[in-house]
Amino acid sequence: MKTTILDYQILENQVYIYDGTFNGLLTIIFDCYLQKTIPSNIMPESEYIPNLLEQTKHISTDEIKAKRIWNGIYHSISYTALYDCYYAFLSHQKGKEMLILKYLLHGFIVGSRISNQLSIDYVIRNC
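So, here is what we can say about the structure in this document. Counting starts from 1 at the beginning of each chain's written sequence and moves along it residue by residue. It should be noted that, the model being predicted, local features are given only for residues of pLDDT at least 70 and side-chain atom pairs only at 80 or more, the latter also being counted only at that level, while totals for whole chains, interfaces and linings use all residues. The side-chain quantities take in all heavy atoms of the structure and omit both hydrogens and water.

Looking now at the packing of aromatic side chains. Here is the rule: rings of Phe, Tyr and Trp (six-membered ring for Trp) pair when centre to centre is within 6.5 Å. Planes less than 30 degrees apart are stacked, more than 60 are edge-to-face, and the remainder are tilted. Per the counting criterion, the structure on display carries eight aromatic pairs. Summarising the aromatic geometry, the rings of Phe 22 and Tyr 86 are spaced 5.1 Å apart at their centres and angled 85 degrees between planes, so their arrangement reads as edge-to-face. With a gap of 64 residues between them, Phe 22 in helix H1 (residues 22–35) and Tyr 86 in helix H3 (residues 79–90) connect regions that are remote in the sequence. Type-normalised accessible area, obtained with a 1.4 Å probe on protein chains alone, sets the label of each residue: buried when under 20%, exposed when over 50%, and partly exposed for intermediate values. Relative accessible area serves as the criterion here: at 8%, Phe 22 is assigned to the buried category. Classification of Tyr 86 as partly exposed rests on a relative accessible area of 34%. One aromatic cluster is present, built from ring pairs that chain together Phe 22, Trp 70, Tyr 74, Tyr 79, Tyr 83, Tyr 86, Tyr 87 and Phe 89. Consider the ring centre and the ring normal. A charge sits over the ring if Lys NZ or Arg CZ is within 6 Å of that centre and within 35 degrees of that normal. Directly above the ring of Tyr 33 sits Lys 36, whose terminal nitrogen or CZ lies 4.6 Å from the centroid. A cation over a ring is seen here: Lys 96 above Phe 89, with NZ or CZ 5.0 Å from the ring centre. Only runs of H or I of at least four residues qualify as helices and only runs of E of at least two qualify as strands under DSSP, and these elements are numbered from the N terminus.

Pasting the structure below:
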């Protein structure tokens, strides 16, 4: 049976906090991919405002995990997906981290076809 993005467990009220770098985001994506979980939000440390209703988990940047996921995107999805994600990351769009996470997790399932699936919200907003 093939894994789908629906097989990932959604962590309600769980916010992942990271240092705001692209490698930090790639580290989170690596962890989510391995654990088959998706947090309710991902925020850079500089933008996070504490909230009593949310649990936070600080994710430290791990260069080895970031490099592994970078290579995985390049080889399993496409260079175009990597390029699109990096430029989406550089944008000032609110919630870009969650869009990138869902886009890449789905991309690991369907491969390079992810760029053509424009009916999916996180695909069209990432391209």
